[in-house]
Amino acid sequence: MGKLAVRALRTVLVVVLAGTVFVQALMVWALATDPEDGSLPLTPLRVITILGMVSAQAALICVWRLVTMVRRGTVFSHAAFRYVDVVIGAIVAAALLWFAVTVLNAPGQRADPGVTVIMGGVGVAILGVALIVLLLRMLLAQAVARDVEAAQIQAELDEVI
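Okay, so let's go over this structure. Being a predicted model, the structure only gives us computed values, none of them experimental. (Residues numbered from 1 in each chain as written. Predicted model: local features only at pLDDT ≥ 70, side-chain atom pairs only at ≥ 80, totals over all residues. Heavy atoms only, no water.)

## Considerations on the pattern of salt bridges
Logical step 1: Counted according to the given criterion, the structure contains one salt bridge.
Logical step 2: Between Asp 85 and Arg 137 there is a salt bridge, with its nearest N and O atoms 2.5 Å apart. Placement of Asp 85 in helix α3 (residues 79–105) and of Arg 137 in helix α4 (residues 114–160) is noted, with a sequence separation of 52 residues between them.
Logical step 3: Since its relative accessible area comes to 24%, Arg 137 is described here as partly exposed. (Salt bridge = Lys/Arg side-chain N within 4 Å of Asp/Glu carboxyl O. Helix = DSSP H or I, 4+ residues; strand = E, 2+ residues; numbered from the N terminus. Buried < 20%, exposed > 50% of the residue type's maximum accessible area, 1.4 Å probe, protein only.)

Below, the structure is given as structure tokens:
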């Protein structure tokens, strides 16, 4: 991974992380100062938003760590799995939180249930992203196994020579 790509990705990660912290601060402020008007269950939606930002932040931090491992050439190790696992967990948590938003929003959509169906579809799509990352984790596992195997073969060749 080139230096420019790493800098660009890290810049994006910092901007998104700052944005999530800003949204969290706004939601905490709203929880403390803005009463519900009764049209929507605002308190649960605000709490879900805060939790959603936490899941996004966890994923962002893990991606940062994985980029660091790529730059150091250590990504093909067992240490990378814990970061990938956290990313998968954060995506699944985000999907579950989205389904919670869908359930909270559904009573207001009785006249147009298509909105609820679309929101449910978005939740399924988020779970699909988690499955894609799981697939990438399996590819990483294969790459790590091949790397270990190559190191063993190299050690055996070094002994022969």
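## Observations concerning the layout of surface pockets
Logical step 1: Roughly 340 Å³ of internal volume is contained in the largest pocket.
Logical step 2: Together, 14 residues line the largest pocket, and Leu 66, Val 70, Val 75, Val 84 and Leu 140 are the ones closest to its centre.
Logical step 3: Listed by contribution, the elements that provide at least two residues to the lining of the largest pocket are α2 (42–72), α3 and α4.
Logical step 4: Partitioned by chemical class, the residues of the lining of the largest pocket number 13 nonpolar, no polar and one charged.
Logical step 5: Space inside the second largest pocket adds up to approximately 180 Å³. (1 Å grid on protein atoms, 1.4 Å probe; cavity = no way out; pocket = protein on both sides within 12 Å on 5 of 7 lines; lining within 4 Å. Points joined across faces, edges and corners; volume = space filled by probe spheres on them. Nonpolar A, V, L, I, M, F, W, Y, C, P; charged D, E, K, R; others polar.)

## Some points on the environment of Phe 76
Logical step 1: Considering the arrangement of structural elements, one finds Phe 76 in the loop between α2 and α3.
Logical step 2: Under the relative-accessibility criterion, Phe 76 is labelled partly exposed at 46%.
Logical step 3: When the C-alpha atoms of Phe 76 and Ala 145 are compared, they prove to be 8.7 Å apart, with 69 residues separating the residues in sequence.
Logical step 4: Not counting residues up to four positions away in its chain, the partners in contact with Phe 76 are Leu 140, Ala 143, Val 144 and Asp 147. (Contact = heavy atoms within 4.5 Å.)

## What to know about α4
Logical step 1: Taking 1.5 Å per residue as the helical rise, α4 with its 47 residues ought to reach 69 Å, and the 69 Å between its terminal C-alpha atoms agrees with that figure.
Logical step 2: In this structure, the buried residues of α4 make contact with α3. (Expected span 1.5 Å × (residues − 1).)

## A word on the nonpolar core
Logical step 1: The biggest cluster of nonpolar side chains holds 15 residues, and the ones touching the most others in it are Leu 66, Met 69, Ala 80, Val 84, Val 133 and Leu 140.
Logical step 2: Elements supplying a minimum of two residues to this core: α2, α3 and α4.
Logical step 3: Broken down by element, the residue count for this core peaks at seven residues, all from α3. (Core = buried A, V, L, I, M, F, W, Y, C linked by side-chain atoms within 4.5 Å.)

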